[in-house]
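A structural walkthrough
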Amino acid sequence: MLDYIWIDGDLPILSQLPNDFNSAAILFHPFIQMPSGWEKSKRENPYQHIYPSDEEMLKLGEPISWKEVMVKSNLKSYKELFRVLQYLTGAPSDEYKKLASYVKSNPDFYYPEEDRTSLFILNSLVKILCSKGANTLYFSEPIHDTNGSFKVNDMSSLEIANLSPNESIITDENMDFAFMGIYDSFITLLLAKDTNIEDTIKSLNLEAFICDKETYFNSFI
C-alpha cells in the first residue's frame, strides 16, 4: 500500500519520491476535441457552461496533444503552456490571450481534465503498472482518506477514474510504478523504480516532461 503524497512545489520532485522510486515524469493531460456542433446541440442558453461528461469524452472526444495546441496558439514550450493553464483565472498575459483566442475560435474544443488523471491516458498508465506482471492495483486518495485495492480485469477505465473525486495515487502490487493526479493542475506524475523512465513513456507514446534532479513544480511553472 502506498499513501497519497503531497509534493512540495519548492523542492526537487525526485528528492521527495517514496518507497525506492528513482525516476518520475510529468504527463500532460490531452486537450479535448468534440465533434463539430456538439456544444451547440448541448447548450440550453448562451451562459451555460458546457463540458463533456466522462462517457461523452470517451465515446465522442478526440485527445489533442499539447504540442499541437502550442503550434496552433503560437506558444513556445511545454513550460509556457503549463504556466498559462495554471493561471487560467488569473490576470491575462500575452500567452494566456493566445491560448484563450484559440480555444474561443474552436467552440467544440476544451481544456484538459483537471486534478484527476485524464481518461485519455488512463489505459496506458494501467498498462505500465501491469507491465511487470501485476494483477492487483492499490489506490489511496486524500480527500476522504480512503484506500483499497482492485483486480485490474474487474475495473473499467471509468470506474478507476472515479475511485476518487479528485487527486489519488495508484500503484501496482510490487510498487514498480505509481501515478498520481496533482491538485489544481492538468498533469499526472508517473513514478518508477527504474532509473530510465523515458523508455517506458516512449513505449506508449505518452506526452511528458522527464524530471531530472533540478525539476520542481514551481520552477516548471
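- The protein is annotated in an unreviewed UniProt entry as DUF2711 family protein of Priestia megaterium.

**What to know about the sheet that holds strand S3 (residues 62–64)**
- Strand order in this open sheet of three strands is S3-S2-S4, and the pairing throughout is antiparallel. Each end of this open sheet is capped by a strand with a single partner; those strands are S3 and strand S4 (109–110).
- As paired strands, strand S2 (residues 31–33) and S4 are joined by two bridges and run antiparallel to one another. Counted as the bridge partner of Gln 33 is Phe 109 from S4.

**Focus on the sheet that holds strand S6 (residues 146–151)**
- Strand order in the open sheet formed by seven strands is S6-S5-S7-S8-S9-S1-S10, and the pairing between neighbours is antiparallel. A strand with exactly one partner marks an edge of an open sheet, and here the two such strands are S6 and strand S10 (208–210). Strand-to-strand twist across the sheet, computed as the mean angle between neighbouring axes with direction ignored, equals 20 degrees.
- By the bridge criterion, six bridges tie strand S1 (residues 23–28) to strand S9 (residues 187–192) in an arrangement that is antiparallel. The residue bridging Ala 25 from the neighbouring strand is Leu 190, located in S9.

**Thoughts on unusual backbone geometry**
- One non-glycine residue, Asp 184, lies in positive phi territory at about 55 degrees.
- Assignment of secondary structure puts Asp 184 in the loop between strand S8 (177–181) and S9.
- A residue is classified by how much of its surface remains accessible, and Asp 184, at 41% relative accessible area, is partly exposed.
- The backbone of Asn 205 shows a phi angle near 55 degrees, a positive value even though the residue is not glycine.
- Mapped onto the secondary structure, Asn 205 falls in the loop between helix H8 (197–203) and S10.
- Overall, Asn 205 belongs to the exposed group, its relative accessible area being 70%.

Reading the values: the criteria
Residues numbered from 1 in each chain as written. Predicted model: local features only at pLDDT ≥ 70, side-chain atom pairs only at ≥ 80, totals over all residues. Heavy atoms only, no water. Pairing = 2+ DSSP bridges. Helix = DSSP H or I, 4+ residues; strand = E, 2+ residues; numbered from the N terminus. Axes fitted to C-alpha atoms, helices over the stretch in contact; angles between N-to-C directions. Buried < 20%, exposed > 50% of the residue type's maximum accessible area, 1.4 Å probe, protein only.

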